[in-house]
Amino acid sequence: MNNQPCVLIIDDNAMNVDITQELLEPAGISVLAAENAVRGISIMQDYKPDLVLLDLLMPHLNGFETALVIKTDPEIQNIPLIAFTALATPEDREKALEAGCQDVILKPINTETFLSTIKSYLKVDFNVLESSLDKVKSEATPLPFSIERSHTILIVDDNPMNVDILKEATTAIGQNALSAYNGQEALHQIQEIKPDLILLDIMMPEMNGYTVMDILKSQPDTANIPVIIISALDRIEDRVQGLLKGSQDYITKPFELTEVQARISAALRTKDLQDQLIKERNELAAVNQELSHFTTIASHDLQVPLRKIGIFAQQIQCSTYSQIGEEDQDLLSRIIKSTNKMQNMIWDLLALSRARYKRKEPVLVNLYTLIKEALYDLQDHIQKNNAQIIIGDMPTIEADETQIRQLIYNLLSNAILFHHPERVPVIEVTSTLIGNEWIQLTVEDNGIGFEEKYAERIFQPFEQLHGVSQYPGSGIGLTICQKVVERHGGTITAKGIPGQSAMFIVQLPLKQANNKQDTLIDSTPFLRAG
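Model, not experiment: these values are computed from the prediction.

### A word on helix α5 (residues 111-119)
Three or more residues of α5 are buried, namely Phe114, Leu115, Thr117 and Ile118. Buried residues along α5 cover an arc of 160° about the axis, so they all sit on one side.

Right under this line is the structure:
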């Protein structure tokens, strides 16, 4: 060997070797590397390095055992050893010193601490070593991360050096950093401040990181706080366990600061988007609540005067039938017809408003029973048009009974309304099981039909393909059907042949997903009277 100082690093992680070379070689220090203890001892015997950096967590022969072997070899026992490790507890440090190490450098590397420790063991110009540090800092790439607002990040690690390094990394990207040095302290601070993000070490005394995760995820007010695990445990089993516990990310030590900053930025951006989504959802729920309240009041306030207008117009028509002319009688008939039309439209608008809200807790409902109930409500229209209704076998499904009754009522009413004037209306209602989880309900008629290009348009509110004078209606009935089906996680489609038939196909799940938030603000019956 020449007079150039020589450092041997024994570490199975190539990244640690690269970092050491990057820091020391610019200062004129030769760096040798060995990926395991046997190779490291052999290099020590051959080259007699001035200093050895010894990883403690290595397979086969770990750093503690390696140090003991080195200290029994007269040829190399006086070469200073520095434990180079992520094991940060006082017990680990004491064990390393007892095994024969002169000092301990913790991972992840704090550059200034690392160079200062190396300088104390090597005969190297201090100014040269400092210039190495300045060079590393000057060549650092500007951070590309941009976060719109400042967040609070809690760093949980029992190693103060790790905490300091992570604090520097987080403040460098404009974030506020707080620290906790054990699990209990972390849980206390989390309850007090509700941080936006937690950087969590796993290997801590008394309460490890996994236990902290279990407690966080078990409490509703902390369950959604994102967590990034930063640990020296780098096996795939450890990563999987951390993610299954509920962490958003997993970073192994030693780490690259730019990678940590990038992952922090990504986690915070995701959290901001989720917070915005929750805020908008809550605002929408509040608006819907107000709309429901307004709709109920408005419908009542509008119907009362309309009902009075209709009643008074009928009374005038009856009491003055022989006293007024045909023109006046016609005007009164128009008033009565218009008030009835307006009342029906108010009912339909109220039904549409309610159908937009989430359904009630589902119950078992028999479709055949609901069809018979709908036919009972429609019996006047059925008799008036001599309609024939054919009902096939029907299953029992989980659903909001009120809304499914409205769905069936609207489909049957629609089929009767749009009958062909030259033939008796025949309406067939059938069902088919699709696998073990779905039901297909079909309502087919022999009415006037429609062109296929309007198959989606007919579900839009107030959309009427045929003349209102011949086929009166509000144009909302099929819109209500679509909303009800969507609320039940199903689909509704339409097929038509002009002048021949129309078919409506509804597919619904037999069982509804159990969602306790899936409740209807107001689900009182809204079938319109005959």
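### Notes on the packing of helix α8 (residues 183-193) against helix α9 (residues 209-218)
One can describe the packing of α8 onto α9 by two numbers: an axis separation of 10 Å at closest approach and a directional angle of 25°. Taken together, α8 and α9 sit at an angle that is classed as roughly parallel. Two packed elements cross with a definite hand, and for α8 against α9 that hand is right-handed. The residues of α9 that touch α8, namely those facing Gly183, Leu187 and Ile190, are Val212, Ile215 and Leu216. Residues of the contact of α8 with α9, tallied by class, amount to five nonpolar, one polar and no charged.

### Section: the nonpolar core
Counting 42 residues, the largest nonpolar core has Ile404, Ile408, Leu411 and Leu412 as the members making the most contacts within it. Those elements that place two or more of their residues in this core are α13 (367-377), β13 (396-399), α15 (401-417), β14 (426-434), β15 (438-445), α16 (477-487), β16 (491-497) and β17 (501-509). Those residues in contact with Ile408 that sit more than four places away from it in its chain are Leu367, Leu370, Ile371, Ala374 and Leu441. Grouped together as the second largest cluster of nonpolar side chains are 24 residues, Leu8, Phe64, Ile76 and Ile79 included.

### Examining the sheet that holds strand β9 (residues 227-231)
Pairing is parallel in the open sheet, where five strands are placed in the order β7-β6-β8-β9-β10. Two strands close off the open sheet at either side, each with one partner strand: β7 (176-180) and β10 (249-252). Taking the axes of each pair of neighbouring strands and ignoring which way they run, one obtains an average angle of 20° across the sheet. In this structure, strand β6 (residues 152-156) lies alongside β7, joined through five bridges in parallel fashion. Paired with Leu154 across the bridge in β7 is Leu178. In this fold helix α7 (residues 160-171) packs onto β6, β7, β8 (197-200) and β9, with an angle of close to 165° to the strand it touches most, β7.

### Remarks on the pairing of strand β4 (residues 81-85)
The buried fraction of β4 is high, at five of five residues. Judged by which residues are buried, β4 turns out to be covered on both faces: Leu81, Ala83 and Thr85 on one side and Ile82 and Phe84 on the other are all buried. Pairing geometry for strand β3 (residues 51-54) and β4, over three bridges, is parallel. Bridge assignment links Val52 to a residue of β4, and that residue is Leu81. In the classification by handedness, the crossover that spans β3, the intervening helix α3 (residues 63-70) and the parallel β4 is right-handed.

### Observations concerning the confidence of the model for the chain
Here the chain shows a mean pLDDT of 83. Residues at 70 or above account for 83%. pLDDT under 50 marks residues 139-143. Its contacts with residues more than four places away, or in other chains, come to four contacts. Counted against residues more than four places away or in other chains, residues 516-530, with its pLDDT under 50, gives 43 contacts.

### Here we look at the pattern of salt bridges
On inspection of all chains with the given rule, the structure shows 15 salt bridges. Between Arg263 and Glu259 there is a salt bridge whose closest N-O contact spans 2.9 Å. Placement of the pair is Arg263 and Glu259 together in helix α11 (residues 257-319), with a separation of four residues, close to one helical turn. Residues joined in a network through salt bridges with shared partners are Asp157, Asp201 and Lys253.

### A word on a nonpolar patch on the surface
Taken together, the side chains of Ile236, Val240 and Leu244 present a nonpolar region at the surface, about 320 Å² in accessible area. One can find Leu244 in helix α10 (residues 236-245). Given a relative accessible area of 73%, Leu244 falls into the exposed group.

### Here we look at the environment of Ala186
Its place among the elements puts Ala186 in helix α8. For Ala186, a relative accessible area of 0% translates into the label buried. Taking the C-alpha atoms as reference points, Ala186 and Gly209, separated by 23 residues in sequence, lie 10.0 Å from one another. Ignoring anything within four residues of it in the chain, the contact list for Ala186 reads Leu154, Val156 and Ala180.

### Things to note about the packing of aromatic side chains
Overall, the coordinates contain two aromatic pairs when judged by the stated rule. Geometrically, the ring pair formed by Phe84 and Phe114 is tilted, given 6.0 Å between the ring centres and 45° between the ring planes. Of this pair, Phe84 sits in strand β4 while Phe114 sits in helix α5, and the two are 30 residues apart along the sequence. Both residues of the pair, Phe84 and Phe114, count as buried. Arranged with centres 6.3 Å apart and planes meeting at 90°, the rings of Phe459 and Phe504 form a pair that is edge-to-face. Taken together, the residues span a long stretch of sequence, with Phe459 in the loop between β15 and α16 and Phe504 in strand β17 at a distance of 45 residues. Here Phe459 and Phe504 have matching classes, each one buried.

### Topic: the side chain of Asp238
Here Asp238 is to be found in helix α10. Excluding anything up to four places from it in sequence, Asp238 contacts Tyr210, Leu233 and Tyr250.

Basis of the calculations
Residues numbered from 1 in each chain as written. Predicted model: local features only at pLDDT ≥ 70, side-chain atom pairs only at ≥ 80, totals over all residues. Heavy atoms only, no water. Buried < 20%, exposed > 50% of the residue type's maximum accessible area, 1.4 Å probe, protein only. Helix = DSSP H or I, 4+ residues; strand = E, 2+ residues; numbered from the N terminus. Arc of directions from axis to C-beta. Axes fitted to C-alpha atoms, helices over the stretch in contact; angles between N-to-C directions. Parallel < 35°, antiparallel > 145°, perpendicular 65-115°, else oblique. Left-handed = near helix turned anticlockwise from the far one by under 90°. Contact = heavy atoms within 4.5 Å. Nonpolar A, V, L, I, M, F, W, Y, C, P; charged D, E, K, R; others polar. Core = buried A, V, L, I, M, F, W, Y, C linked by side-chain atoms within 4.5 Å. Pairing = 2+ DSSP bridges. Right-handed = clockwise from strand over helix to strand, strands pointing away. pLDDT = per-residue confidence, 0-100. Salt bridge = Lys/Arg side-chain N within 4 Å of Asp/Glu carboxyl O. Patch = residues over 30% accessible without salt bridge, like charges linked within 9 Å, V, L, I, M, F, W, Y side chains within 5 Å. Areas by Shrake-Rupley, 256 points an atom, 1.4 Å probe, with all protein chains shown as cover. Phe/Tyr/Trp six-rings, centres within 6.5 Å; stacked < 30°, edge-to-face > 60°.

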